[in-house]
Amino acid sequence: MKRAKGPALKILALRMPALAIPVLAIPALLFAGTMRAADAPVVVTSIKPIHSLVSAIMQGVGEPELIVDGAASPHTYNLKPSNARALQNAKVIFWVGPGLEAFLEKPLQALGRDASIAELDNAPGLVKLPFREGGAFEPHDDGDEHDSASATPEHEHDHAEATHGAEADHDHGTFDTHLWLDPMNAKAMAAMITTTLVAADPANALTYQGNARALDDRLDALDTELKGIVAPVKGKPFIVFHDAYQYFEHRYGIRVAGSITVSPETIPGAERVSEIHRKVGELGATCVFAEPQFEPRLVNVVIEGTSAKSGVLDPEAATLKAGPDLYFTLMRGIANSMKDCLSSA
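Residues numbered from 1 in each chain as written. Predicted model: local features only at pLDDT ≥ 70, side-chain atom pairs only at ≥ 80, totals over all residues. Heavy atoms only, no water.

Participant: Residues and numbers for the packing of helix H2 (residues 48-58) against helix H7 (residues 205-230), please.
Facilitator: Interhelical geometry of H2 versus H7 gives an angle of 125° and a closest axis separation of 7 Å. Between H2 and H7, the angle falls in the class oblique. Across from Leu-53, Ala-56, Ile-57 and Met-58 in H2, the residues of H7 making contact are Thr-207, Tyr-208, Asn-211, Ala-212 and Leu-215. A breakdown of the residues in the contact of H2 with H7 according to their chemical character gives seven nonpolar, two polar and no charged. (Axes fitted to C-alpha atoms, helices over the stretch in contact; angles between N-to-C directions. Helix = DSSP H or I, 4+ residues; strand = E, 2+ residues; numbered from the N terminus. Parallel < 35°, antiparallel > 145°, perpendicular 65-115°, else oblique. Contact = heavy atoms within 4.5 Å. Nonpolar A, V, L, I, M, F, W, Y, C, P; charged D, E, K, R; others polar.)

Printed below as a string of structure tokens:
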């Protein structure tokens, strides 16, 4: 390669400072980006729907970690060593509560002592629905304190009689913990998430608060959208794999006629499956919905010899990629699955 001489060398020398400025600036920009990421608090979340809400509020600051990832379910999850390390390093931890993520209760006491722990089933303004029993729903066995012989009056209430926020009974055996399946409950949890993050990381308070306002607007729009999707099939009864959907049902006026099992970690016996098979015919249920994490053959047994069709609902987002938009994809997926199956039945 020939070296430039004379005028060409002078021209090159004049151009070099202009070229050198952005090149020299690149390491500084990269360093600034690294410092920003390092400033973000370590935040850990339990399940995908909660992770999605926290992710939306933390956008521009950092990304929360997720414990129950992939197709795993909080009903059957076993804590991994990597999860234990995450809890130990966390500054903030978000979970629904021991009624849903029972596997987390003792690890949080042992590993999360240095973190701010937000139990979102205590968020002010939540609508809480008691477990429902009778009809095509099994009695709940909540342990020695809540067996069928000592059921509290709340257990016997109609599912539409809700309890709210701080006024609710904090005994976690008395209400359905699938709280996120109502966008208004998601708004209540988002408010608690925001308050917790601002207290733990006041330097980024304005970002959290701005993101929370945007999330509120999106949740209001989603609520309107979901009402429109399910409106044509509101009167058609259906059976679900486990009783996880009453918040969605309560919000949008749809009709769940029963569940194959109360809790998906408990495989229903032959007698229970036969009972639901009879109920499908008696109630005129048009669809029976499976869930992606659990045994689909049970649904096939239940609909065998009936005119009912099968579909799939994913209340815990087992098939979805974690992130800030997951909650919206999850809720639209449930609404559209119901509409598609019930419309064709």
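Additional details are given in the paragraphs that follow.
Participant: Before we move on, can you summarise the state of the cysteines with the specific residues and values?
Facilitator: A full pass over the atoms with the stated rule returns one disulfide. There is a disulfide in this structure between Cys-287 and Cys-341, and the S-S distance comes to 2.0 Å. Between Cys-287 and Cys-341, the S-S torsion sits near -110°, and that sign places the bridge as left-handed. A residue pair is termed long-range when its members are at least 10 positions apart, and Cys-287 in strand S9 (residues 287-290) and Cys-341 in helix H11 (residues 326-344) qualify at 54 residues. You can call Cys-287 buried: its relative accessible area is 0%. (Disulfide = S-S within 2.5 Å. Buried < 20%, exposed > 50% of the residue type's maximum accessible area, 1.4 Å probe, protein only.)

Participant: Residues and numbers for H7, please.
Facilitator: If you check H7, its first and last C-alpha atoms are 37 Å apart, about what 26 residues at 1.5 Å a residue would give, namely 38 Å. For H7, the full list of buried residues reads Ala-205, Tyr-208, Asn-211, Ala-212, Leu-215, Leu-219, Leu-222, Asp-223, Leu-226, Ile-229 and Val-230. Residues of H7 that are buried make contact with H2, helix H6 (183-200), helix H8 (246-252) and H11. (Expected span 1.5 Å × (residues − 1).)

Participant: Tell me about the environment of Thr-261, and name the residues and values.
Facilitator: Along the chain, Thr-261 turns up in strand S8 (residues 255-261). Sequence spacing of Thr-261 and His-242 is 19 residues, and the spatial spacing of their C-alpha atoms is 4.9 Å.

Participant: Quick rundown of the sheet that holds strand S7 (residues 237-242)? Include the residues and the values.
Facilitator: On the basis of which strands lie adjacent, the open sheet formed by four strands has the order S8-S7-S9-S10 and parallel pairing. Strands with a single pairing partner mark the edges of an open sheet, and in this sheet they are S8 and strand S10 (309-312). Going from strand to strand, the sheet's axes swing by 30° on average, the running direction of each strand aside. For S9 and S10, the ladder comprises four bridges, and the chain directions are parallel. Across the sheet, residue Phe-289 finds its bridge partner in S10, namely Gly-311. Relative to S8, helix H9 (residues 270-283) is tilted by about 160°, and along the sheet it contacts S7, S8 and S9. (Pairing = 2+ DSSP bridges.)

Participant: Give me the lowdown on the nonpolar core, citing residues and values where you can.
Facilitator: Of all hydrophobic cores here, the largest spans 78 residues; its most connected members are Phe-94, Trp-180, Phe-238, Phe-248, Tyr-327 and Met-338. Sort the elements by how many residues they give to this core and H11 lands first, with ten residues. Discounting residues that sit within four places of it in the chain, Phe-238 has contacts with Ile-254, Arg-255, Val-256, Ala-257, Gly-258, Ala-285, Cys-287, Phe-289, Met-338 and Leu-342. (Core = buried A, V, L, I, M, F, W, Y, C linked by side-chain atoms within 4.5 Å.)

Participant: Kindly report on the side chain of Thr-177, identifying the contributing residues and their values.
Facilitator: Among the secondary structure elements, Thr-177 is positioned in the loop between strand S6 (163-164) and H6. Overall, the relative accessible area of 5% leaves Thr-177 in the buried class.

Participant: I'd like to hear about the pattern of salt bridges, residue by residue, with values.
Facilitator: Evaluation of the coordinates by the stated rule reveals six salt bridges. Two residues, Arg-251 and Asp-182, come together in a salt bridge whose shortest N-O distance is 4.0 Å. On the criterion of sequence distance, the pair formed by Arg-251 in helix H8 and Asp-182 in the loop between S6 and H6 is long-range, its members being 69 residues apart. Overall, the relative accessible area of 30% leaves Arg-251 in the partly exposed class. A residue is classified by how much of its surface remains accessible, and Asp-182, at 3% relative accessible area, is buried. Among the salt bridges present, the one from Glu-225 reaches Arg-332, with a minimum N-O distance of 2.9 Å. Here Glu-225, found in helix H7, pairs with Arg-332, found in helix H11; they are 107 residues apart in sequence, far enough to count as distant. With relative accessibility at 32%, the residue Glu-225 sits in the partly exposed group. Through salt bridges with shared partners, one network takes in Asp-182, Asp-223, Lys-227 and Arg-251. (Salt bridge = Lys/Arg side-chain N within 4 Å of Asp/Glu carboxyl O.)

Note that all results are geometric; they support no functional claim without further evidence.
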